[in-house]
Amino acid sequence: MKIRKALGEYMEALLELIYPPVTMEDLCTEKIPFISDHSCIQCGRGLRMMEDGPKCQECMGKEYHFHRAISVVKYEGEMKDLIYAFKYAHRTYVGRVMGWMMADKIKEEAIEIDLILPVPLYGDKEKERGFNQATILSKYISKKSKIPFNIDVLTRTRNTKVMHNLTKRERQENVTDAFKVLNNGVIINKNILLVDDILTTGSTVNECSKILLNFGAKTVTVLTFARD
């Protein structure tokens, strides 16, 4: 594991030499669809923050276990292309700026966080892709915010189906009991930041939040780079 980690760090350094680091100047801010207000993760309408989760009145019927769900940009246009390049074209160096933007969002929202956790990929899927995008984002968020992150707390116990073709009920069934906490001592009474790249219906992060709270976490805030 130590050898694999070292090789990964060397490869990342090599890629940064080959590809100049992306900066905010490389991304025209006029074209970035920033999310400037909070909206219901189910229907997208504006809302007043509720104690039991970010829902509008019409979507109150669905239960969320996380306290808040926050995103930096809308999943559209150039941001959609950026995430595709990040995940599927192995341009992992883009994750640095994405992570920095997410760290800035934490500061902007004045969120109290003790520990950052990435949403895990299933082991075989991570091996196939070569990395977990949520882990990369968490690493850069941690570096900029100085908040520790841990990849050994939450694990995915089985491979789940691709979500975009599933109904809401199928999405929920797809992720039920798909995650496991390996070391609950790390999260007891902690304010957790759960990180992923995209938020759609929230089924995956909701299931992760449920198990984290069941194992002693104080609160769970979801932070994604984009919101669909």
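Higher on the page you've got the structure.
Cut-offs and rules
- Residues numbered from 1 in each chain as written.
- Predicted model: local features only at pLDDT ≥ 70, side-chain atom pairs only at ≥ 80, totals over all residues.
- Heavy atoms only, no water.
- Salt bridge = Lys/Arg side-chain N within 4 Å of Asp/Glu carboxyl O.
- Helix = DSSP H or I, 4+ residues; strand = E, 2+ residues; numbered from the N terminus.
- Buried < 20%, exposed > 50% of the residue type's maximum accessible area, 1.4 Å probe, protein only.
- Phe/Tyr/Trp six-rings, centres within 6.5 Å; stacked < 30°, edge-to-face > 60°.
- Pairing = 2+ DSSP bridges.
- Right-handed = clockwise from strand over helix to strand, strands pointing away.
- Core = buried A, V, L, I, M, F, W, Y, C linked by side-chain atoms within 4.5 Å.
- Contact = heavy atoms within 4.5 Å.

Enquirer: Go over the pattern of salt bridges with me, naming the residues and quoting the values.
Expert: Once the charged atoms of two side chains with opposite charge are near each other, the side chains can pair. Scanning all chains against the criterion turns up six salt bridges. For lysine 87, the salt bridge identified is with aspartate 197, shortest N-O distance 3.0 Å. With lysine 87 in helix α2 (residues 77-88) and aspartate 197 in strand β5 (residues 191-199), this pair connects stretches of sequence that are 110 residues apart. Overall, the relative accessible area of 12% leaves lysine 87 in the buried class. The salt bridge partner of aspartate 104 is lysine 144, with a shortest N-O separation of 3.0 Å. Of this pair, aspartate 104 sits in helix α3 (residues 95-109) while lysine 144 sits in helix α5 (residues 133-145), placing them 40 residues apart in sequence. Residue aspartate 104 is classed as partly exposed on the basis of its relative accessible area, which comes to 39%.

Enquirer: Break down the packing of aromatic side chains for me, citing the residues and quoting the values.
Expert: Evaluation of the coordinates by the stated rule reveals three aromatic pairs. Measuring from centroid to centroid gives 5.1 Å for tyrosine 84 and tyrosine 88, while their planes differ by 50°, and the two rings are tilted. Of the two residues, tyrosine 84 and tyrosine 88 both sit in helix α2, four residues apart, roughly one turn of that helix. Relative to phenylalanine 131, the ring of phenylalanine 86 lies with its centre 6.4 Å away and its plane at 40°, an arrangement referred to as tilted.

Enquirer: Describe the pairing of β5, listing the residues and the values that go with them.
Expert: Judged by how many residues are buried, β5 sits mostly within the fold: nine of nine residues are covered. As paired elements, strand β2 (residues 115-118) and β5 share four bridges and run parallel to each other. Looking at β5, one finds that isoleucine 116 is bridged to leucine 193. Here β5 pairs with strand β6 (residues 219-227) via eight bridges, running parallel. Note on β6: the bridge partner recorded for isoleucine 198 is alanine 226. Taken together, β5, helix α7 (residues 203-214) and β6 form a β-α-β motif whose crossover is right-handed.

Enquirer: I'd like to hear about the nonpolar core, residue by residue, with values.
Expert: If you look at the biggest cluster of nonpolar residues, it comprises 30 residues, and the most contacted ones within it are Met98, Met102, Ile141, Leu193 and Phe225. The residues contacting methionine 102, other than those within four sequence positions of it, are Val72, Leu137, Ile141, Val195, Asp196, Leu223, Thr224 and Phe225.

So, to be careful, I would describe these as geometric facts and stop short of saying anything about function.
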